[in-house]
Amino acid sequence: MEQLKLRIYPDPCLGKKAKEVEIFDKRLLSIVEAMSELMYINNGIGLAAPQVGLSARIITVDVGKGLEVMVNPSIVSRSEKSDTMDEGCLSLPGLAIKIARPTIVEVEGRDVCGNLIIKKCEGLLAKCIQHEIDHLEGKLLLDYLNPFQRVFAVNKKRSSQNKKL
Ligand code: NI
């Protein structure tokens, strides 16, 4: 299995747009296995490949209904209705930011074998998939904040990390 390490902000990998996966082979499967293991070990409900330093459009998600893996995912439709949720991120430890996102999304992508998946997602799954697809674009929760809120959030994060000494 691949040896992968979780990347924490401000690691530059987190700010880059990830590349499309073109080859569906054993290496991809091995990356997916390592990513899901890392996600579970860290009590995450979602993980995107840039968070382990890989420029590849791969996400793993488990919101309590089993592991879901999507390769080259993209959102093909969004509900007009949005709602907000406090979101955390494995790459931003100690931080929770209220984010408004569409309530329902339809996502298209591939499974690890390259088969087409089209999926309607709602609730926590919809939020999580949108969050992970943001990672593939190099976008973090902090990018939803204005510069003032951002400085405040990062400082707050530092202090909450300090408490864990
Ligand atoms: Ni995240």
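From a predicted model like this one, the values you see are computed outputs, not experimental measurements.

Cut-offs used in this document
Residues numbered from 1 in each chain as written. Predicted model: local features only at pLDDT ≥ 70, side-chain atom pairs only at ≥ 80, totals over all residues. Heavy atoms only, no water. Helix = DSSP H or I, 4+ residues; strand = E, 2+ residues; numbered from the N terminus. Buried < 20%, exposed > 50% of the residue type's maximum accessible area, 1.4 Å probe, protein only. Donors = N, O, S within 2.8 Å, 3.2 Å for Na, K, Ca; no water.

(A) Geometry of unusual backbone geometry. With omega at 10°, the peptide bond leading from Tyr9 into Pro10 counts as cis. With respect to the helices, strands and loops of the structure, Pro10 is situated in the segment before α1 (26-41). A positive phi angle, near 55°, is found at Asn43, a position not held by glycine. Mapping Asn43 onto the fold places it in the loop between α1 and β1 (46-48). Owing to a relative accessible area of 71%, Asn43 belongs among the exposed residues under this scheme. Residue Asn72 is not a glycine yet carries a positive backbone phi of 50°.

(B) Structural context of the coordination of the nickel ion. Distances from the nickel ion to its protein donors, namely Cys89 (SG), His131 (NE2) and His135 (NE2), fall within the range 2.1 to 2.2 Å. Counting gaps between the donor residues of the nickel ion yields the pattern C-x41-H-x3-H. Placement of Cys89 in strand β4 (residues 82-89) and of His135 in helix α2 (residues 123-136) is noted, with a sequence separation of 46 residues between them. By relative accessible area, His135 is classed as buried at 1%.

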